[in-house]
Amino acid sequence: MELRISFKPGMKQSFTAARYFNGTAEEALQDSIARLTPRQYLISLPNDDKLRLRIWSKEEYDEERTQHAVAWLQGLHEDVDAIVRSERRDERLGEIISLWIASENEQESFFIEELKGPPGEQPEDDPRLTLGVLGGQLVLLSTESIMFARLQPGVFGLSLARYGSYLIEQERPVPRLMKRA
């Protein structure tokens, strides 16, 4: 997948873009989330840590779907760390964004909040990570340090806190002209 990536530096730019990207994603997700049922999940991880998730979905998550969601969230955290902390950010950005754009979730729509802190804290806590999927496509990924949103089909925005923002556009392959015999 070919991407055209534009960057605008600056702290003010990152905050302005994040607000815009968040508003666009909220608008896209608002109607879908209203039709989904919110549920709380407390997941035990292999290292004895606990993961608190709030998931809006049509159906309750069974063990297999929950494991898939947890694995995806862990991968997204690794991606976010690579974007936020890596000195090779610009080198890896296209590859990471391509994976996010290409991820398919069986035409499903859902919204996930990974909550901070140990179990027993208020569910209104700020989420550690927020994820929105519409029709199987990632339309929102938000943490304290990034905001990624689909702005329109084939156009995405990524804001890095206090760093700047990226506009990402999918390039359409140029159709080959058929040769006449």
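Rules behind the numbers
Residues numbered from 1 in each chain as written. Predicted model: local features only at pLDDT ≥ 70, side-chain atom pairs only at ≥ 80, totals over all residues. Heavy atoms only, no water. Phe/Tyr/Trp six-rings, centres within 6.5 Å; stacked < 30°, edge-to-face > 60°. Helix = DSSP H or I, 4+ residues; strand = E, 2+ residues; numbered from the N terminus. Buried < 20%, exposed > 50% of the residue type's maximum accessible area, 1.4 Å probe, protein only. Lys NZ or Arg CZ within 6 Å of the ring centre and 35° of its normal. Core = buried A, V, L, I, M, F, W, Y, C linked by side-chain atoms within 4.5 Å. Contact = heavy atoms within 4.5 Å. Pairing = 2+ DSSP bridges.

**Focus on the packing of aromatic side chains**
For step 1, the next point in the chain: Counted by the stated rule, this structure contains nine aromatic pairs.
For step 2, the next point in the chain: Aromatic side chains tyrosine 41 and tyrosine 61 sit 6.1 Å apart centroid to centroid with 55° between the ring planes, which places their arrangement in the tilted category. Taken as a pair, tyrosine 41 in strand β2 (residues 37-44) and tyrosine 61 in the loop between β3 (50-57) and α2 (63-85) lie far apart in primary sequence, 20 residues in all. By the burial criterion, tyrosine 41 is buried, and tyrosine 61 matches it.
For step 3, the next point in the chain: Centre to centre, the rings of tryptophan 72 and phenylalanine 110 are 6.4 Å apart; their planes meet at 75°, and the pair counts as edge-to-face. One end of the pair, tryptophan 72, is in helix α2; the other, phenylalanine 110, is in strand β4 (residues 110-115), and 38 residues separate them in sequence.
For step 4, the next point in the chain: Looking at tryptophan 72, the relative accessible area reads 17%, which means it is buried.
For step 5, the next point in the chain: Through pairs of rings, three or more aromatic residues link up here, namely Tyr41, Tyr61, Trp72 and Phe110.
For step 6, the next point in the chain: Taking NZ or CZ as reference, arginine 89 lies 4.2 Å from the ring centre of tyrosine 163, over its face.

**Some words on the nonpolar core**
For step 1, the next point in the chain: Among the nonpolar cores identified, the biggest contains 35 residues, and Leu53, Ile97, Trp100, Leu131, Leu141, Phe148 and Leu158 are the most heavily contacted of them.
For step 2, the next point in the chain: Setting aside anything within four residues of it in sequence, one finds leucine 131 in contact with Trp72, Leu73, Leu76, Phe110, Phe111, Ile112, Leu138, Leu140 and Leu141.
For step 3, the next point in the chain: Leu36, Phe111, Leu140 and Leu151 belong to the second-largest nonpolar core, a separate cluster that totals 14 residues.

**A short note on the pairing of β3**
For step 1, the next point in the chain: With seven of eight residues buried, β3 lies mostly within the body of the structure.
For step 2, the next point in the chain: Summarising the sheet, β2 and β3 pair through eight bridges and their orientation is antiparallel. Its bridge partner lying in β3, tyrosine 41 is registered against leucine 53.
For step 3, the next point in the chain: From the end of β2 to the start of β3, which pair antiparallel, there are five residues, and aspartate 48 there has a positive phi angle of about 70°.
For step 4, the next point in the chain: Pairing analysis gives five bridges linking β3 to β4, with the strands arranged antiparallel. Bridging across to β4, arginine 52 finds its partner in leucine 115.

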